[in-house]
Amino acid sequence: MPLSETPGPIGIFDSGYGGLTIYEKIKETLPQYDYIYLGDNARTPYGTRSFEVVYEFTRQAVLKLFECGCHLVILACNTASAKALRSIQQKDLAGWDKNRRVLGIILPTVESLGNITHTGHVGVLGTEGTINSCSYDIEINKLYPDIKVYSQACPMWVPLIENNEYDKPGADYFVEKYIEQILKKDAQIDTLVLGCTHYPILIYKISRYLPEHIKIISQGTYVADRLKDYLIRHPEMDEKCTKNGNTLFFTTESVEKFMNMSSVFLKDDIVAEHLDIG
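Now for a look at the structure at hand. All of these numbers come straight from a predicted model, not from anything done at the bench.

What the protein contains, in helices and strands, is 13 helices and ten strands. The C-alpha radius of gyration computed for the protein amounts to 18 Å, which stays within 12% of the reference 19 Å derived for 278 residues, consistent with globular compactness. Taken along the three principal axes of its C-alpha coordinates, the protein extends 55 × 40 × 35 Å. When each of the 278 residues of the protein is scored for burial, the buried share is 55%.

Printed below as a string of structure tokens:
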């Protein structure tokens, strides 16, 4: 179907709930814009799926957001950014609409490292899918070939958050465990990237087990700042983004479940609607 040229909201896509931490920072930084948040909760998690499946799922979601009127879509998901972003940018946009844009969250996070690390030794914490994709290693090496990268998968952190156990004493065991494992890999690590959008929910516990000199990089702030800069540098795209301060939330699964879980990630209650994208 032909896509409308009428200005519309900024689309924010995630495989589930974690992208809400990105949305929250974007909304704080750019409150005047309209947004559509889409969570593919029916098919989450993406992290264990193949590149081909993640690409297809993400492709479907982006096209749906374009059909909803978005001209700019942010992949607020590390797995989608790692496994699908480049293919969508290089293969799909020209066929859909060469003037629309899809941006990820890995590059804005990586770009921040040059001004933060002093030792040039950086740790990355993420899901098994993100860590196994080596996406952070690749992007960091492109921009900062002298930075040494050490990665650690934290498979228990997302389940702890989504089962509302993140603030319970039992969560400390798994937080301390993975922090110890990453720090054992290199004593010179002075910067730690939270390479999963869920992880900011655990930031206070993470901080408890880190030496004071280690800086934690939580993606939302950096993604929001880079988006603000992008819209300033691309006024033609800014003109295609409506500005009424409104947000619509969509999920591919249970609306009730999505609204209940959103309270873990957002300060305010939300109203969500169901949307099929497959």
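This is not the end of the story, as more comes after the structure.
Counting 54 residues, the largest nonpolar core has Leu-125, Trp-157, Ile-206, Leu-231 and Phe-249 as its most contacted members. Residues within four places of Phe-249 in sequence aside, it is in contact with Leu-20, Tyr-23, Tyr-37, Phe-258, Leu-266, Ile-270, Val-271, Ala-272 and Glu-273. Counting 26 residues, the second-largest nonpolar core is a separate cluster that includes Leu-38, Phe-57, Ala-61 and Leu-275.

Now for helix H2 (residues 51–67). Because an α-helix packs 3.6 residues into every turn, residues spaced three or four apart end up facing the same way. Along its 17 residues, H2 runs 24 Å from first to last C-alpha, staying within 8% of the 24 Å computed at 1.5 Å per residue. Listed as buried for H2 are Val-54, Tyr-55, Phe-57, Thr-58, Gln-60, Ala-61, Val-62, Leu-65 and Phe-66. At its buried positions, H2 is contacted by strand S1 (10–14), strand S2 (35–39), strand S3 (72–75), helix H3 (78–83), helix H4 (85–96) and strand S4 (101–103).

Here we take up the pattern of salt bridges. A side chain of one charge can pair with a side chain of the opposite charge when the charged atoms of the two come close. Under the defined criterion, the tally for this structure stands at 17 salt bridges. With a closest N to O distance of 3.1 Å, Arg-86 and Glu-139 form a salt bridge. In this pair, Arg-86 is assigned in helix H4 and Glu-139 in helix H7 (residues 135–143), connecting sequence segments 53 residues apart. The shortest N-O distance in the salt bridge between Lys-205 and Asp-172 comes to 2.6 Å. Taken together, the residues span a long stretch of sequence, with Lys-205 in helix H10 (residues 203–208) and Asp-172 in helix H9 (residues 169–185) at a distance of 33 residues. Lys-205 sits in the buried class, given a relative accessible area of 10%. Taking the relative accessible area as the measure of exposure, Asp-172 reaches 10% and is therefore buried. Here the salt bridges share partners, and the residues they tie into one network are Glu-24, Lys-25, Glu-28 and Lys-267.

Sheet architecture is open: six strands sit in the order S4-S3-S1-S2-S9-S10, paired in parallel fashion. Each edge of the sheet is formed by a strand with only one pairing partner; in this case those strands are S4 and strand S10 (272–274). Strand after strand, the sheet turns through a mean of 25° between neighbouring axes, direction not considered. In this sheet, strand S9 (residues 247–251) lies alongside S2 in parallel orientation, the contact comprising five bridges. Considered in S9, the bridge of Tyr-37 is made with Phe-249. Running at roughly 170° to S4, H4 makes contact with S3 and S4 of the sheet.

The next subject is H9. If you check which residues of H9 are buried, you get Ala-171, Asp-172, Val-175, Tyr-178, Ile-179 and Ile-182. One face of H9 carries all of its buried residues, which in axial projection span an arc of 145°. Those residues of H9 that are exposed and angled more than 90 degrees off the buried face are Pro-169, Tyr-173 and Lys-184. Its buried side turned inward, H9 meets strand S5 (121–126), strand S6 (148–153), helix H8 (157–162), strand S7 (191–194) and H10.

A few words on the packing of helix H1 (residues 19–29) against helix H13 (residues 255–265). Running from N to C, H1 and H13 point in directions that differ by 60°, and their axes come no closer than 9 Å. Classified by the interaxial angle, the pair formed by H1 and H13 is oblique. Read as a crossing pair, H1 and H13 show a hand that is right-handed. Here H1 contributes Leu-20, Thr-21 and Glu-24 to the contact with H13, which in turn contributes Phe-258, Ser-262 and Phe-265. Per-class residue counts for the contact of H1 with H13 are three nonpolar, two polar and one charged.

Rules used throughout
- Residues numbered from 1 in each chain as written.
- Predicted model: local features only at pLDDT ≥ 70, side-chain atom pairs only at ≥ 80, totals over all residues.
- Heavy atoms only, no water.
- Helix = DSSP H or I, 4+ residues; strand = E, 2+ residues; numbered from the N terminus.
- Rg over C-alpha atoms; globule rule 2.2 N^0.38 Å.
- Buried < 20%, exposed > 50% of the residue type's maximum accessible area, 1.4 Å probe, protein only.
- Core = buried A, V, L, I, M, F, W, Y, C linked by side-chain atoms within 4.5 Å.
- Contact = heavy atoms within 4.5 Å.
- Expected span 1.5 Å × (residues − 1).
- Salt bridge = Lys/Arg side-chain N within 4 Å of Asp/Glu carboxyl O.
- Pairing = 2+ DSSP bridges.
- Axes fitted to C-alpha atoms, helices over the stretch in contact; angles between N-to-C directions.
- Arc of directions from axis to C-beta.
- Parallel < 35°, antiparallel > 145°, perpendicular 65-115°, else oblique.
- Left-handed = near helix turned anticlockwise from the far one by under 90°.
- Nonpolar A, V, L, I, M, F, W, Y, C, P; charged D, E, K, R; others polar.

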